Structures are given as structure tokens and as C-alpha cells.
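One letter stands for each residue in the lines below.
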Amino acid sequence: MQILTSPQSAHELCCQWRQEEKTIALVPTMGFFHEGHQSLMRLARKLAQKVVVSLFVNPTQFGPGEDLEAYPRDAKRDEAIAEAEGCDLLFMPSATEMYGDEHQTWVEVPGLAQGLCGRTRPLHFRGVCTVVLKLFMIISPDMAIFGEKDWQQLAIIRRMAADLNLPVKIVGSPIVRERDGLALSSRNVYLSPAQRREAPFIYRGLRMAADLAGSESDAKMLIAQTLAYWQKNIPDAEIEYLHIVDPDGLGEVGLVGRGALMVCAVRLGKTRLIDNIMLRAE
Ligand code: AMP
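Residues numbered from 1 in each chain as written. Predicted model: local features only at pLDDT ≥ 70, side-chain atom pairs only at ≥ 80, totals over all residues. Heavy atoms only, no water.

**Student:** What am I meant to see in the site of the ligand here?
**Tutor:** Lining the immediate surroundings of the ligand are 18 residues, of which H37, G147, D150, V176 and L184 lie closest. D150 is positioned such that a nitrogen or oxygen atom in its side chain is 2.6 Å from an oxygen atom of the ligand. About the coverage of the ligand: the protein hides 93% of its 480 Å² of free accessible area. Here the residues of the shell around the ligand are counted per class, giving nine nonpolar, seven polar and two charged. (Near = heavy atom within 4 Å. Polar contact = N/O pair within 3.5 Å; in protein donor to acceptor, adjacent residues only side chain to side chain. Areas by Shrake-Rupley, 256 points an atom, 1.4 Å probe, with all protein chains shown as cover. Nonpolar A, V, L, I, M, F, W, Y, C, P; charged D, E, K, R; others polar.)

What follows is the structure, encoded as C-alpha cells:
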């Protein structure tokens, strides 16, 4: 596995692979790898001849007062994991190498980025879209793999790729969870032991809603039941949002039809956790 930090050298290597007619899959990440990241690497390994993993804690997607400085990092461990997963290139640029001093171009998908996480993180998806498009330009992948855990991000990237005619196939990959149901996240290390014990109730609430959706299709009722479950089991949790939305357009739906997505952001202390589940009425 090669490790490169310069966008130019990563671009040159990927151009060479393209000349050799190799297919390239890109897995964009912020590092501190866990099984969720590894599942994306494995899918990439299956789908393409060359696997590029980018590791970049992108400053432009963090708002003021968010955890940019505290974001967990362990480059050596990440290198070992990427290598063991059979990645061909680990691209880990610095912020200066990515943005320089004069950066002023931004990519926005304003409609889809407005609600859900965008409500409390107004510039987050602008930072995500901009860095992902930059990565696409540097690596020129045939496909890019994103986790369904960040469902809104995946929907936005799909929209961006379609709107800008990007020649990159966007591939979604299922959420990987701990045995107790908690969705894996680099931020889980922030949880205190007590919060870690509470955290699985987030998914248990979503699961309960998914079970209820078999007989109850009214979105308001399902949301009320889930909130009541959380109130009973994790009374200290701060529910930032809980919505049932159309999986593509992300607009709220009144009735669960063949497929509606329940999405949430929940704070346990200072740690903000997101999760989602597909609901289907029978
Ligand atoms: P991050 O490093 O948190 O920016 O995540 C990098 C990629 O891994 C994103 O596409 C995430 O959606 C994906 N990802 C993070 N956690 C999980 C998980 N538990 N299951 C599946 N994919 C995940």
C-alpha cells in the first residue's frame, strides 16, 4: 500500500492506474477506523481493482465550537488497518495541502442540506460536498463508497453527483453496529461508561418504531411512541431531532408507505450520535 499526502502525487498515481485501465474505488473518511470504515473498504475491494482510502479530518465541515481539535486520530493504527484491508493507496493530505491559503470555491446542495443535521450544522454539508468533489478531482474514481449511517450525507452526495454530471458511481453501504445495536462511530470513544450503556437505547427505539410500522403507518404516532420510549429509557438524552422522511428527497412524510426513513440525532452529554432505520408499512 502506498501512502501519499500530496494531492498532485495522488493524482499522478491514479492517472497512471487509469492509463493501465484499472478501475478505482474511493472511500472518503476522517480516519480513526472502525468496522464501519472497514466494511466500506471491503466493499471497495470487491467492486474495483484499485482501492483508495482518503483520511482527512476536513476542517471546513466543522462549525465553530465543534470537535475539530478533539476529533480522535491515530494515523499509525489507521495505516495498519488500511494495509490489512488490502487498500492500494492511503491518501492523507494536510489541511494546507488540501486548501492552501486562498481557497474560496464552495459546492452547495442547499435544499437537501437545509433540514435534519443541516439545521444545527448549517455549513457542514457545504464543507462535505466541497471536500468530496476535490477528492473526486484528485483521484478520479469510477465509484465512491459512503456509509448509510450518514444518510443525509449520502443523499446529498448523490444529488451533487447527478447535478454536476460527475462520472462517479455513488455506492451506499449498510450501517455496521456493535452487538448491542449502537451504530459504530469514531465519536463513540467520547462516551463515558454510563453514556455507553445508554447509547444502545437509541437504536432500540428505532427498532421499536420499525416493528410498530407494520401496523401503525401514521408518522406522528410512530415519532411520539419513539420519543416516549427514549424518555422512559434514556431520560437524560437530548433529542436534537427525530423525523420520518422520504429517503431520497428527505422531506417529512405523514404516512409510512413502502419505504420511509426514520432519522435521528441524539446528544448524550456532549456527544452527538446519529442513526437511522428504514420503516415499511405492511
Ligand atoms: P467518517 O470517518 O466518520 O467521516 O466516515 C467515513 C465513512 O464511513 C462515511 O461514508 C460514513 O458514512 C461511513 N461510516 C461511518 N460509520 C459507519 C458505520 N457504523 N457503518 C457503515 N458506515 C459507516
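Here the narrative resumes.
**Student:** So what exactly am I meant to see when it comes to the packing of aromatic side chains here?
**Tutor:** Describing an aromatic ring pair means giving the distance of the ring centres and the angle of the ring planes. Throughout the structure, instances matching the rule amount to three aromatic pairs. Here F56 and Y99 contribute two aromatic rings whose centre-to-centre distance is 6.2 Å and whose plane-to-plane angle is 40°, an arrangement assigned as tilted. Taken together, the positions of F56 in the loop between strand 3 (50–55) and helix 3 (75–84) and Y99 in helix 4 (residues 95–99) put the pair 43 residues apart, joining distant regions of the chain. Considered together, F56 and Y99 belong to a single accessibility category, that of buried residues. On the basis of an interplanar angle of 45° and a centroid distance of 6.4 Å, the ring pair of F201 and Y229 is categorised as tilted. (Phe/Tyr/Trp six-rings, centres within 6.5 Å; stacked < 30°, edge-to-face > 60°. Helix = DSSP H or I, 4+ residues; strand = E, 2+ residues; numbered from the N terminus. Buried < 20%, exposed > 50% of the residue type's maximum accessible area, 1.4 Å probe, protein only.)

**Student:** Explanation requested: the nonpolar core in the structure shown.
**Tutor:** Taken as a class, soluble globular proteins show a tendency for nonpolar side chains to be buried jointly. L89, F136, I139 and M160 are the most contacted members of the largest nonpolar core, which has 48 residues in total. By residue number, the principal contributor to this core is helix 7 (residues 124–139), which donates ten residues. The contacts of M160, once residues within four sequence positions are left out, are V107, V109, C129, V132, L133 and L166. Y203, A237, C264 and V266 belong to the second-largest nonpolar core, a separate cluster that totals 26 residues. (Core = buried A, V, L, I, M, F, W, Y, C linked by side-chain atoms within 4.5 Å. Contact = heavy atoms within 4.5 Å.)

Purely geometric numbers; function is a separate question.
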